[in-house]
Amino acid sequence: MIANRRRSDDGAVLILALLVITTVAVVTMALLTRGQGNFKTTVALRSVAASAYAADAAAQVAITNLELGAASTNKTMPNKFFPSQSPAWVYNGYLDGTGCFGWNEASAPHTARNSFVMSNLYPKTGSQTAAASARVDCTLVDGSGIFGTGPGAGVDSGNGRALTIVGTASSDELNVSAKSGDFLVRGGIQSAAKMTTNGLFTNSSVQARSCSSGTAANVQSTPAVDCNYTGAVTEPSGITNPISSLPTTLRTKNGTVQHDTGDSCKFQPGYYDDADALTSATDDCATSVFTPGLYYFDFHNDSTDKMANEFVMNDASPSTSGGSVWTISRTVIGGTLSSDSVVPGRCVSPLVSPSASGVQFVFGGTSRMYVPMNGSVELCGSYNGGAPPVVIYGLTSGDTNAPDEQLNLPMTAAATTGSNPTFTGNPNSASLLSSIATASDSNAATWEAGNSNSDVKLKLTGFDAAAIPDGSILQSATLKIVNRTTGLGTATYDLTVASDGAPDTTGTIPKNASYAPNTFDVTSTLSKAVHDGTLGSDPTVTIAKTKLKNVKLEIDKVSLDISYITPTLRGQIDDAVVAGKTNCVATPSSSSVPGADSCEFVSTKTNGNPKATFVIQGLTYAPKASFYLNLANNASSDGLIALKYGLVARSLNSSGWPNYTFADPVVSIPDSGPGFGSNVSIVDLKVSVCPSSATCSTGGTLALTVRVRITDPPITDPFNPPTLSGARKVDIMSWSEQR
């Protein structure tokens with residue numbers, strides 16, 4: 001018999017041991033796995049942090065560079081255009097070819113430097129195999145910078161084109177010759193005429209029908225210059241004619257221009273027709289201020305002008321070689337005066353103020369403007385809701401050959417003071433005026449002497465000239481007197497026709513046995529009265545004789561036959577020759593002779609050192625006219641040429657030594673934008689990081705975007721601007737890490 005074996009638990013211990021070992025192994029593995037994950041996360045976080053630190057460091061360096069400019073360490077200081085300003089250079093969007101960080105020195109020509117690379121910026125960490133590098137890309141926000149405006153320019157201001165030349169004749173040209181530096185333009189250029197230049201810089205495009213040899217290589221533009229442009233050359237949009245009818249107020253009378261006197265002579269809006277008189281008036285004033293409003297300049301000093309009249313205009317006789325030119329030898333300011341005393345800035349500009357109230361100078365016919373060596377002009381337009389504020393406007397249409405008007409005018413007043421006996425109406429119930437108003441009507445003004453010596457005197461004043469507008473030009477004037485003399489005595493009568501500021505006309509009225517007309521040419525005497533609007537009150541006709549006996553004088557009619565031309569709006573004449581003479585408005589001048597004897601609509605041409613200042617705070621528009629702008633060679637307020645809302649012209653010739661102040665190229669258009677003002681520059685910085693890379697010139701991961709606002713100290717004197725390097729206020733508008 002087999003005995004039962006006793007049960008044992010020795011195997012259970014093994015099982016328990018295995019369970020414990022397995023559990024410990026699982027827990028250990030879990031802990032190890034978790035630790036490894038945390039380690040990898042830590043490594044990854046260190047890499048992310050390294051990129052963030054690199055981006056932050058690069059952004060801080062970029063901001064410091066923007067604040068210090070030339071005093072910073074990571075820039076290439078510009079010196080091509082403005083060597084005198086280079087030590088204090090900062091970036092503010094100026095037209096010096098620089099970017100946020102200077103320019104790329106190695107390039108030829110220099111190109112704007114708007115990014116920089118910081119190699120091996122942050123040590124390798126985490127999984128990185130090498131140090132991280134970073135790149136900062138910088139762009140200026142539209143509407144900010146030195147060309148940014150206040151709210152005056154409006155968001156619709158710029159159309160991209162600053163200079164438009166529309167002339168197509170062989171003599172028309174876009175010829176800009178800089179003796180040193182470059183001719184600066186801010187905005188696009190388009191020319192239907194041949195272009196010639198030895199140095200032109202613009203931040204936009206250049207298109208020309210053709211270019212002279214070598215011109216293309218002397219133009220810096222974006223994109224490259226097109227010297228074979230075949231598209232249409234059109235005027236920029238939004239330009240409106242500021243004048244629809246002739247101003248009713250004539251400002252030139254009796255050979256002089258009406259204006260206030262004092263420290264600043266003030267001129268008022270209206271119609272100006274005598275260039276010599278206007279030149280004399282502005283020569284008499286240290287500063288001539290043309291108050292806000294519309295001015296129409298249509299001068300009649302040229303011998304070729306049908307309305308030229310030597311008895312009206314200030315000169316002895318109309319000029320035979322371009323006399324209709326207003327010469328500005330002192331200072332002329334147009335618009336609302338500001339508190340500044342330096343040009344530019346003496347008038348309130350529509351580019352910076354939406355409340356700007358300025359001037360509009362409209363030119364007609366062959367009228368021109370010349371600014372010689374020491375002349376200084378600044379004209380400010382009116383804010384126009386964002387549309388171009390027109391300041392100088394050359395009329396493109398109008399009546400250039402106004403017809404003669406014909407009138408027969410009766411007298412308006414009669415008196416017999418000094419006559420003994422007196423004149424009476426005939427019949428006696430009739431007035432003297434009614435008696436001499438109509439011929440052959442049985443009424444006559446009658447005077448009769450008896451046996452004793454008697455004096456006769458009839459004084460007539462004024463003609464019924466209500467229908468003649470001020471500024472009319474008299475072509476001919478004939479005084480007609482119908483009279484007869486009866487009685488035993490014989491007599492002739494002395495005639496005197498007088499008018500203020502004019503030569504008298506004298507003559508003799510014969511003794512007519514029956515009513516007969518006597519005529520007298522009084523054109524020279526009455527020309528100014530017709531022009532000045534005083535024909536109805538000023539001229540006097542005196543018929544007199546002393547010591548007469550036994551004679552009867554009867555005057556049946558006194559009247560004036562006149563032929564005159566009324567002033568009208570006249571378009572600028574673009575014919576090369578008018579009445580056998582060169583038309584200086586439309587003709588570009590190849591002559592080196594400066595001034596009124598050379599040809600251009602607007603000229604600052606001078607011999608020797610050019611110093612004329614000509615600043616237009618608004619649009620200059622004269623598509624039928626030629627311009628000559630002589631650039632100065634000195635860094636002072638003398639010699640600045642700046643057309644600040646663009647130029648539309650038939651032809652442009654410019655030469656000299658370019659002299660630029662802050663924000664004053666020769667021709668420019670303002671920025672479109674919200675209007676921060678010219679002392680505020682806003683830039684966007686984009687920072688890309690290249691981990692484990694010794695450089696970051698391209699590619700990389702966008703890690704940070706920053707918007708920075710930089711406010712400069714006020715520029716009260718553009719010719720002596722403050723040192724901005726280190727004086728700029730920096731504000732961080734946004735700082736956004738990219739994840």
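The structure this text deals with has already been given above.
The structure presented is a predicted model; accordingly, all values stated were derived computationally and were not measured.

Colleague: In this structure, what is going on with the overall build of the protein? I would like to understand it.
Modeller: Secondary structure assignment for the protein yields four helices and 43 strands. Taken across its 739 residues, the protein has 51% of its residues classed as buried. Within the protein, contacts between residues separated by at least 24 positions form 71% of all contacts whose residues are at least 6 apart in sequence. Put simply, the protein shows about 30800 Å² of open surface, and 50% of that area lies on carbon and sulfur atoms.

Colleague: I'm lost on the sheet that holds strand β4 (residues 132-140) in this one. Help?
Modeller: Within a sheet, adjacent strands bond to each other through the backbone by hydrogen bonds, running parallel or antiparallel. Strand order in the open sheet made by the five strands is β3-β4-β41-β42-β43, with antiparallel pairing throughout. Each having just a single partner strand, β3 (115-122) and β43 (729-737) make up the two edges of the open sheet. For this sheet, the mean angle separating the axes of adjacent strands, direction not counted, is 20 degrees. Inspection of the sheet shows β3 paired to β4 by five bridges, in the antiparallel sense.

Colleague: It is not clear to me how the packing of aromatic side chains should be interpreted in this structure. Could you clarify?
Modeller: The geometry of an aromatic ring pair is captured by the separation of the ring centres together with the interplanar angle, meaning the angle of the planes. One pass over the structure, following the stated rule, counts 20 aromatic pairs. Each ring, one from Y271 and one from Y296, has its centre 5.7 Å from the other, and the planes form 25 degrees; the classification is stacked. Here Y296 lies in strand β17 (residues 293-297) and Y271 lies in strand β15 (residues 270-272), a separation of 25 residues in the sequence. Each member of the pair, Y271 as well as Y296, carries the same accessibility label: buried. If you follow K605 out to its NZ or CZ, it ends over the ring of Y628, 4.4 Å from the centre.

Colleague: What is the right way to read the state of the cysteines from this model?
Modeller: Each disulfide consists of one covalent bond between the sulfur atoms belonging to two cysteines. Taken as a whole and judged by the stated rule, the model has five disulfides. Residue C211 pairs covalently with C227 via a disulfide, S to S 2.1 Å. The chirality of the disulfide connecting C211 with C227 is left-handed, given an S-S dihedral of about -90 degrees. Taken together, the residues span a long stretch of sequence, with C211 in strand β10 (residues 206-211) and C227 in the loop between β11 (219-220) and β12 (252-253) at a distance of 16 residues. A residue is classified by how much of its surface remains accessible, and C227, at 13% relative accessible area, is buried. Across a sulfur-sulfur distance of 2.1 Å, C690 and C696 are joined as a disulfide pair. Where C690 bonds to C696 through sulfur, the torsion about that S-S bond is close to 65 degrees, and the disulfide is right-handed.

Colleague: Where do I start with the environment of T111 in this structure?
Modeller: Of note, T111 is situated in strand β2 (residues 111-112). Each C-alpha atom, one on T111 and one on G99, is 8.1 Å from the other, the two residues being twelve residues apart in sequence.

Colleague: Explain the side chain of S527 here, please?
Modeller: Checked against the element boundaries, S527 lands in helix α4 (residues 523-532). Taking the relative accessible area as the measure of exposure, S527 reaches 0% and is therefore buried. One polar contact links the side chain of S527 to the main-chain carbonyl oxygen of T523, over a distance of 2.7 Å. Setting aside residues no more than four positions away along its own chain, S527 makes contact with N309, F311, V312 and L474.

Basis of the calculations
- Residues numbered from 1 in each chain as written.
- Predicted model: local features only at pLDDT ≥ 70, side-chain atom pairs only at ≥ 80, totals over all residues.
- Heavy atoms only, no water.
- Helix = DSSP H or I, 4+ residues; strand = E, 2+ residues; numbered from the N terminus.
- Buried < 20%, exposed > 50% of the residue type's maximum accessible area, 1.4 Å probe, protein only.
- Contact = heavy atoms within 4.5 Å.
- Areas by Shrake-Rupley, 256 points an atom, 1.4 Å probe, with all protein chains shown as cover.
- Pairing = 2+ DSSP bridges.
- Axes fitted to C-alpha atoms, helices over the stretch in contact; angles between N-to-C directions.
- Phe/Tyr/Trp six-rings, centres within 6.5 Å; stacked < 30°, edge-to-face > 60°.
- Lys NZ or Arg CZ within 6 Å of the ring centre and 35° of its normal.
- Disulfide = S-S within 2.5 Å.
- Polar contact = N/O pair within 3.5 Å; in protein donor to acceptor, adjacent residues only side chain to side chain.

Everything listed is a geometric property; what it means functionally is a separate question.
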